[in-house]
Amino acid sequence: MAQDRRVSVLFDLDGTLTNPFVGITSSIRYALENMGYSSPADEELRRFIGPPLHVTFADFLKTDDEAVIWEAVGHYRERYNRIGKFENELIPGVKETLAACVDAGCFLSIATSKVEYYARDILEHFDLMRFFDAVCGSAPDGSHANKSDLIAHILKSERLDPRHALMIGDRLHDVEGAAANDVRAIGVLWGFGDRAELEEAGAARIVETPAELTASISEMLLLERN
């Protein structure tokens, strides 16, 4: 259990630690085709990596019918669990960033809208689990899929002080979810959001490479301790 004054760093997974584009987009296409819809182009799909799945399918299917939305989510999960979660690539340099955080004595947690057991499988696959004190994601029923709710849950369950916490992510949902909990956020540009999105959401800093992220975390931690 983390102590209240221990510095904590929360990491998004998709687009922040790994590039899941192939697995997620292929699974979205699979779901849409099983629902009788045509497959969108890659660039149209790209913007849907990050939000909770039920939000993504509500948008694609232009419906608020929960039964239809969750049917699509079910098709997605069938393929993603079987194949898609490992159609994924580790972002070069993130292991070094995580190691630097551990060396600095930080408490590290995953904060992902992805179903938690998928996140654990991916972390194990890429040998990242060893860096983390906690892994927090959504439940299959969609609870904690909203980043604000998820971060609030992590702060409460791990007894983390938001004044001594950072959130690292690539989309506005990460930054806005952090802000809703009085947590500062660093936006990364190698994922699926862009600078304008992250700036508008209120990121404290925006970085272009994992090396720059490591330096920014170190600088913010130094300021924290002085």
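Structure shown above.
Residues numbered from 1 in each chain as written. Predicted model: local features only at pLDDT ≥ 70, side-chain atom pairs only at ≥ 80, totals over all residues. Heavy atoms only, no water.

1. Brief notes about the environment of R159
And step 1. Here R159 is to be found in the loop between α7 (147-157) and β6 (165-169).
And step 2. Each C-alpha atom, one on R159 and one on A179, is 18 Å from the other, the two residues being 20 residues apart in sequence. (Helix = DSSP H or I, 4+ residues; strand = E, 2+ residues; numbered from the N terminus.)

2. Re the packing of aromatic side chains
And step 1. One pass over the full model with this rule turns up six aromatic pairs.
And step 2. A ring pair is formed by F11 and F132, whose centres lie 6.2 Å apart and whose planes are at 85°; its orientation type is edge-to-face. Here F11, found in strand β1 (residues 8-11), pairs with F132, found in the loop between α6 (116-125) and β5 (134-138); they are 121 residues apart in sequence, far enough to count as distant.
And step 3. On the basis of relative accessible area, F132 is assigned to the buried category, the value being 10%.
And step 4. When the ring of Y117 is compared with that of Y118, the centres are 4.9 Å apart and the planes differ by 75°; the resulting orientation is edge-to-face.
And step 5. You can call Y117 partly exposed: its relative accessible area is 42%.
And step 6. We classify Y118 as buried; its relative accessible area is 4%.
And step 7. Three or more aromatic residues joined by ring pairs make a cluster, and in this case those are F57, Y76, Y80, Y117 and Y118. (Phe/Tyr/Trp six-rings, centres within 6.5 Å; stacked < 30°, edge-to-face > 60°. Buried < 20%, exposed > 50% of the residue type's maximum accessible area, 1.4 Å probe, protein only.)

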